[in-house]
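Coordinate inspection notes
Given next are the chains, with one letter for each unit.
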Number of protein chains: 2
Amino acid sequence: MVKLSVSEVKTIRSLSQKKYRDALGLFVVEGEKLLEEALDAGFCPEKIYRREEISEEQMRRISSQDSPSPVLAVLRKAEQTDFVLSDSGLFLGLDSISDPGNLGTILRICDWFGIDGVFASANTVDQYNPKVVQASMGAIFRHTLYYCNLEELCMKFRSKGLPVYGTQLDGKNIYKSSLGACGLILMGNESRGLDPKLRELCTEHLLIPSFAGGAHAESLNVAIATALTIAEFKRQNNIL
Amino acid sequence: MVKLSVSEVKTIRSLSQKKYRDALGLFVVEGEKLLEEALDAGFCPEKIYRREEISEEQMRRISSQDSPSPVLAVLRKAEQTDFVLSDSGLFLGLDSISDPGNLGTILRICDWFGIDGVFASANTVDQYNPKVVQASMGAIFRHTLYYCNLEELCMKFRSKGLPVYGTQLDGKNIYKSSLGACGLILMGNESRGLDPKLRELCTEHLLIPSFAGGAHAESLNVAIATALTIAEFKRQNNIL
């Protein structure tokens, strides 16, 4: 049995906070399957801790889960590369998504539907947050999330003549709109929706209709709305 | 300031467990908005606790949330009425859904899309579980969940000549299938999918295709899959 030093335990635990992940360039992954996907995707392990090598009590101390997995790894974060916008592809822009479970689920949806790139405002929850990593079910390793200024991003799409789609309450029924195969789809914050400045920069405004006519249900969860929106783009463009 | 007795606190806390909710016929709702929706839907409050009336420390003791809401109410559960199957309508059957967040989100989706009734296997998480109530955002108060034997339910639909749709990996592309306006849609457990016995009882097998061709993404979250499935039924039947 290997015994972890106090400072090693402290360092691993500190990685639950963004500032330490940023300072050290590291993040944590728990679970055999997730770790395997990370390694498959080319992530470099700094250190791997397995239950057969360290005590259960120590595993519990370094784990952020209620019931720790048999393996926990500290991995090096991917370098954020510059994104070069091409003239085609369907992209997603996330404005101020604050719930890590939502962000992880959204990345999983993008993985499923083959979205070409995902952008997020700087105040969106960190992609290396442990809850995002877990909820993404490995999608995080295959999709780099580009944190950027979304207003500037919208301008880049517009300057190339590409549409910027906003989803909100006063838009046009998405099922009765003609959707292109390329462009940027913006999704807004869980409670506030899209920032008014971003709304103004959209070239098309879409709405997911409610059969109940909005009489009761007030909103869809942002991950659900993202899934419905992307599925309709893919369906209309016949690439499903 | 009212001071709650030890036994009162204990009773409220016990309602986080199904056996006490069943025995007492009560459940807990936290938050002003949720409580308002419960009262609007005709639920009877046994007792309402407000932060201005009891101490914050007591509020923390009776709350199941990390940061307690300013109001917590103990409500009487709705009586489970018998369900009489008509010849029309679109229904959802949930097989062994175990995550309360998923169940709450699914009820919210049913509310949004106007599903006519929701059924669940007896081993599906309890609709009055506090996490289900919170995640449903009030949908729980407007949609009774009928716990029943899903195999018998399938037989009832079939005997009326109504289709039973299963969603699984070997089905037919949902976007290339012709979907009816009526019938029963079955969704399976988070990790095991639909029970084999239920699969056999389906009259149609549907699949939500992945653009990535299943190369990476292995599955969609069950709430996401439910949303995509129901939306496609509603879209094709032009009632959105």
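Here the structure is a predicted model, which is why all the values come from computation and not from measurement.

**Describing the state of the cysteines**
Residue and element names in this part refer to chain A. Counted under the stated rule, the structure contains zero disulfides over all chains. Take C148: it sits in no disulfide, and the sulfur closest to it among the cysteines is that of C154, at 8.9 Å. On the basis of relative accessibility, which here comes to 24%, the residue C148 falls in the partly exposed class.

**Focus on the relation of the copies chain B and chain A**
Superposition of chain B onto chain A requires a rotation of 180° combined with a translation of 0.0 Å along the rotation axis, giving an RMSD of 0.0 Å. The superposition of one copy onto the other is thereby described by a two-fold rotation axis.

**Here's the deal with the domain arrangement of chain A**
Residue and element names in this part refer to chain A. Assigned domains of chain A: these are domain 1 (6–76) and domain 2 (90–236). A straight line from the C-alpha centre of domain 1 to that of domain 2 covers 30 Å. Opposite the 14 residues of domain 1 that make contact, domain 2 presents 10 residues. Taken as a group, R21, L34 and E37 account for 40% of the area that domain 1 buries against domain 2, more than any other trio of residues on that side. Applying the counting criterion to the domain 1 and domain 2 interface returns two salt bridges. Residues R142 and E37 are paired through a salt bridge, measuring 2.5 Å at the closest nitrogen-oxygen approach. The interface formed by domain 1 and domain 2 holds three residue pairs in polar contact (both at pLDDT 80 or more) in total.

**Concerning the side chain of Q127 of chain A**
Structurally, the position occupied by Q127 of chain A is in the loop between β5 (117–120) and α6 (130–135). Once residues within four sequence positions are removed from consideration, Q127 of chain A is found in contact with L103, V132, V133, I140, H143, T144, L145 and Y147 of chain A.

**Section: the environment of C154 of chain B**
Residues and elements named next belong to chain B. Secondary-structure assignment places C154 in helix α8 (residues 150–159). Judged by relative accessible area, which is 0%, C154 ranks as buried. The residues touching C154, leaving out its near neighbours within four places in the chain, are V164, L184, L186, L198 and L201.

**Describing the packing of aromatic side chains**
Scanning the model with the defined rule gives 22 aromatic pairs over all chains in all. Ring centres of F91 of chain B and F119 of chain B lie 6.1 Å apart, and the angle between their planes is 45°; this geometry places the pair in the tilted category. Within this pair, whereas F91 of chain B is found in strand β4 (residues 90–94), its partner F119 of chain B is found in strand β5 (residues 117–120), the two being separated by 28 residues in sequence. The exposure class of F119 of chain B is buried, given its relative accessible area of 2%. Three or more aromatic residues joined by ring pairs make a cluster, and in this case those are F83, F91, F119, Y146 and F157 of chain A.

**Considering the packing of helix α10 (residues 222–236) of chain A against helix α10 (residues 222–236) of chain B**
Where α10 of chain A contacts α10 of chain B, the axes come no closer than 9 Å and their chain directions differ by 50°. One element, α10 of chain A, and the other, α10 of chain B, form an angle in the oblique class. In the crossing of α10 of chain A with α10 of chain B, the sense of the turn from one axis to the other is right-handed. On α10 of chain B, the residues that touch A223, I224, A227, L228, A231, E232 and R235 of chain A of α10 of chain A are A223, I224, A227, L228, A231, E232 and R235 of chain B. Its residues placed into classes, the contact of α10 of chain A with α10 of chain B shows 10 nonpolar, no polar and four charged.

**Examining the packing of helix α5 (residues 100–113) of chain A against α10 of chain A**
Think of two packed helices as two axes; the pair is described by the angle between the axes and how far apart they sit. Residue and element names in this part refer to chain A. Contact geometry for α5 and α10: axes closest at 9 Å, N-to-C directions at 15°. On the basis of their axis angle, the class for α5 and α10 is roughly parallel. Seen from above, α5 lies across α10 with right-handed handedness. Residues N102, T105, I106, I109, C110 and F113 of α5 pack against V222, A223, T226, A227, I230, A231 and K234 of α10. Here the contact of α5 with α10 is built from residues that sort into nine nonpolar, three polar and one charged.

**Considering the sheet that holds strand β3 (residues 71–76) of chain A**
Residues and elements named next belong to chain A. As summarised here, the arrangement of the three strands in space is β1-β3-β2, forming an open sheet in which the pairing is antiparallel. Two strands lie at the open edges of the sheet, namely β1 (26–30) and β2 (45–50), each paired on one side alone. Sheet twist, expressed as the mean angle between neighbouring strand axes with direction ignored, is 15°. Sheet topology note: the β2/β3 ladder contains five bridges and is antiparallel.

What counts and how
- Residues numbered from 1 in each chain as written.
- Chains lettered and ligands numbered in written order.
- Predicted model: local features only at pLDDT ≥ 70, side-chain atom pairs only at ≥ 80, totals over all residues.
- Heavy atoms only, no water.
- Disulfide = S-S within 2.5 Å.
- Buried < 20%, exposed > 50% of the residue type's maximum accessible area, 1.4 Å probe, protein only.
- Least-squares fit on C-alpha atoms with pLDDT ≥ 70 in both.
- Domains from an automatic or database assignment.
- Contact = heavy atoms within 4.5 Å.
- Buried area = accessible area lost by both parts, 1.4 Å probe.
- Salt bridge = Lys/Arg side-chain N within 4 Å of Asp/Glu carboxyl O.
- Polar contact = N/O pair within 3.5 Å; in protein donor to acceptor, adjacent residues only side chain to side chain.
- Helix = DSSP H or I, 4+ residues; strand = E, 2+ residues; numbered from the N terminus.
- Phe/Tyr/Trp six-rings, centres within 6.5 Å; stacked < 30°, edge-to-face > 60°.
- Axes fitted to C-alpha atoms, helices over the stretch in contact; angles between N-to-C directions.
- Parallel < 35°, antiparallel > 145°, perpendicular 65-115°, else oblique.
- Left-handed = near helix turned anticlockwise from the far one by under 90°.
- Nonpolar A, V, L, I, M, F, W, Y, C, P; charged D, E, K, R; others polar.
- Pairing = 2+ DSSP bridges.

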